[in-house]
Amino acid sequence: MEHPENDSQYIGLTVNGGVAQPPIVNPYLSKRPRRKPLPSVSELVEGIIKGDVTTLSRAVTLVESLAPEHYALAQEVIEKCLPYSGRSRRIGITGVPGAGKSTSIDVFGLHVLREGGKLAVLAIDPSSERTKGSILGDKTRMEKLSQHPSAFIRPSPSAGSLGGVARKTRETIVLCEAAGYDNIFVETVGVGQSETAVHSMVDFFLLIQIAGAGDELQGIKRGIMEMADGIVINKADGDNVGPAQLAQAQYRSALHLFPPTTSGWMPEVLTYSGYYELGIAEVWEMIDRYFAFVKGNGFFERRRQQQARYWMFETIDEQLRKHFYDNPEIDIRLAQAEADVLGNRRSSFAAAQQILKYYFDQK
């Protein structure tokens, strides 16, 4: 191939070599540290029992993972941690959006830690139905508690399945108890279906309300009030003290209309201010009175047993559901049945019965 630049008429010109091009592959790629292999069951259990936060966090991640190998490993860890669990006070905290739950947990938690012990906060954060994502920002509103060395805060996305995340939260409670956390808060984001699931895994259910947001007796469903062991009116400070006391009187009157609780405990209604940290000690004294009451009449142990039984059946239901939908042949038949139902060629009930019959006939 001829190069015109080498011709004698261009003898005064110089051809430069050009700029060296960087490599296509990142030269530092091979130097990146490889992901650590999964720890063994004994390593995880030993670290959890010692109270190592890093090991506990990794075990909780395995519990939340959808990978089958992670699920099997997590179940082994939970089984070995069970003998070290059950010695905590489990408190569910719920309320309408904007009631100040995260701020209240921050000050409640600091009050508990001043008395000694360790605190774990588990927050169930609903995922978006459109994007399937979650903000998981509860920790940012617990500024003081998130920096405390004796506190462990873990938000978990619902990922569209309240039952599934509730089971994982229930298992996370076992791990936290084995790690020495003797007080556990389970927070829900708002009034909804998640409250029923949380109620089935805690010893005390605290409902946080605010005054001046409309008709207090219509602002929340009767079902959630029947589950509450204590109702507290937040933001009882400044000009809002009067409305808060009025809401307190209304809730007390409403509670008298409900049937007696199975524990025999009459839920109390108190006012406090999470922002100004007023009335925090009184709220916690109410919780102390409740635990003394239910442990004295034997309800505490009965409720724990009922919850263990409940979660056994919930796990069976979840595993059956998973086994059904993970079947590739069922997936094909579901698509065919859906087309028939949408085309008005078959009723929804007949299509469901046919698929279930095929599923059970395979056994």
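We now turn to the structure provided with this report. (Residues numbered from 1 in each chain as written. Predicted model: local features only at pLDDT ≥ 70, side-chain atom pairs only at ≥ 80, totals over all residues. Heavy atoms only, no water.)

**Comments concerning the layout of surface pockets**
Roughly 470 Å³ of volume is contained in the second largest pocket. As for the second largest pocket, its lining consists of 24 residues, of which His199, Glu226, Asp229, Thr261 and Thr262 are closest to the centre. Listing elements by their share of the lining of the second largest pocket, those giving two or more residues are α8 (222-227) and α11 (299-325). Tallying contributions element by element places α11 first for the lining of the second largest pocket, with 5 residues. Looking at the lining of the second largest pocket, its residues break down into 12 nonpolar, 9 polar and 3 charged. (1 Å grid on protein atoms, 1.4 Å probe; cavity = no way out; pocket = protein on both sides within 12 Å on 5 of 7 lines; lining within 4 Å. Points joined across faces, edges and corners; volume = space filled by probe spheres on them. Helix = DSSP H or I, 4+ residues; strand = E, 2+ residues; numbered from the N terminus. Nonpolar A, V, L, I, M, F, W, Y, C, P; charged D, E, K, R; others polar.)

**A word on helix α3 (residues 68-81)**
Compared with an ideal rise of 1.5 Å per residue, which puts 14 residues at 20 Å, α3 spans 20 Å between its outermost C-alpha atoms and is within 8% of the ideal. Among all positions in α3, only Leu73, Ala74, Val77, Ile78 and Cys81 are buried. Axial view of α3: buried residues confined to an arc of 140°, hence all on one face. Set apart from the buried face of α3 by more than 90 degrees, the exposed residues are Pro68 and Glu79. (Expected span 1.5 Å × (residues − 1). Buried < 20%, exposed > 50% of the residue type's maximum accessible area, 1.4 Å probe, protein only. Arc of directions from axis to C-beta.)

**Some remarks on the environment of Arg154**
Here Arg154 shows up in strand β3 (residues 151-157). In this structure, the C-alpha to C-alpha distance between Arg154 and Ala120, residues 34 residues apart in sequence, is 7.8 Å.

**Some thoughts on the packing of aromatic side chains**
As enumerated under the stated definition, the model contains 13 aromatic pairs in all. Here Tyr359 and Phe360 contribute two aromatic rings whose centre-to-centre distance is 5.5 Å and whose plane-to-plane angle is 65°, an arrangement assigned as edge-to-face. The buried category is assigned to Tyr359, whose relative accessible area is 6%. Among the aromatic residues, those joined into a ring-pair cluster are Phe204, Trp265, Tyr290, Phe291, Phe293 and Phe300. The ring of Phe291 is capped by Arg89, whose NZ or CZ atom sits 4.7 Å from the centre of that ring. (Phe/Tyr/Trp six-rings, centres within 6.5 Å; stacked < 30°, edge-to-face > 60°. Lys NZ or Arg CZ within 6 Å of the ring centre and 35° of its normal.)

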